[in-house]
Amino acid sequence: MSPMRRSTALLAALALVALPLPAQAHDELTGSDPEDGATVEAGELDELTLTFSGAVAEVGAAVSVTDPDGGSALDGEPEVEGTEVTQDLVDDLADGDYAVAWRVTSEDGHPISGEFGFTVTGGDEEDTEEASPAPTPSEEPQEETSEEAEPTESSTGQEADETTPEQTDDAASEDATSADSATTGASSGLPVWAWVLLAAGGVGVLALMAATWQRGRR
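A brief structural summary. (Residues numbered from 1 in each chain as written. Predicted model: local features only at pLDDT ≥ 70, side-chain atom pairs only at ≥ 80, totals over all residues. Heavy atoms only, no water.)

To continue, consider the sheet that holds strand β3 (residues 47-52). If you trace the four strands from one edge of the open sheet to the other, you get β1-β3-β6-β5, paired in antiparallel fashion. Where the open sheet ends on each side, the last strands, each with one partner, are β1 (29-33) and β5 (79-81). Taken over all neighbouring pairs, the strand axes of this sheet differ in orientation by 15 degrees on average, direction set aside. Where β1 and β3 come together, four bridges link them in antiparallel fashion. Its bridge partner being in β3, S32 is matched across the sheet by L50. (Pairing = 2+ DSSP bridges. Helix = DSSP H or I, 4+ residues; strand = E, 2+ residues; numbered from the N terminus. Axes fitted to C-alpha atoms, helices over the stretch in contact; angles between N-to-C directions.)

And the structure:
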């Protein structure tokens, strides 16, 4: 090979080495169900689907869905199949705005993440607000019981009024008996033993007078 050809081949090799290699593109999210900003009926939504431009790794896939109250709307773990990631949602989603955040590992091993949101209508909260609270069944029986108690009190009062004269007569009889006993005790004045002593003394005086009278006649 001539020196000229050698120089040309060397320059061509150096040129190939110096040319920049095209940058390898990472996978990206190409679609979702529901879509970002979409409004869906609660009964028509039971899972969330993410679609990527390339196959994603099963390890490291994570999805979060936050409901209007700040709680989680997830049901289980995400499932990865090729370029799609599917996440089950809880039943009976409430009305309001939902926030979605996701993170996966792309085919080239590079982690990617993102977030979006959607709105749910026709959920449980609307039905709960329209439903009026049922009255407590224990309130009505209490009122009926209190109403029935009044006649009982009246009848008790009547019975008390009817028995009052009899009790008054008995009390009067007892008072009269007590008064008679007190009068008898007051009229006697002295106890029995005192009267016995007085009688004995009287007998002795009479005997003494009789003896004196007999002596005077002699």
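Evaluated as defined, the whole model comprises two aromatic pairs. When the centroid spacing of 5.1 Å and the interplanar angle of 75 degrees are considered together, the rings of F52 and W102 count as edge-to-face. Of this pair, F52 sits in strand β3 while W102 is found in strand β7 (residues 96-105), placing the two residues 50 residues apart along the sequence. The class of F52 is buried, set by a relative accessible area of 3%. By relative accessible area, W102 is classed as buried at 8%. Centre to centre, the rings of Y98 and F118 are 5.4 Å apart; their planes meet at 0 degrees, and the pair counts as stacked. A residue pair is termed long-range when its members are at least 10 positions apart, and Y98 in strand β7 and F118 in strand β8 (residues 111-121) qualify at 20 residues. Residue class for Y98 comes out buried when judged on its relative accessible area of 5%. Given the relative accessible area of 2%, F118 is considered buried. (Phe/Tyr/Trp six-rings, centres within 6.5 Å; stacked < 30°, edge-to-face > 60°. Buried < 20%, exposed > 50% of the residue type's maximum accessible area, 1.4 Å probe, protein only.)

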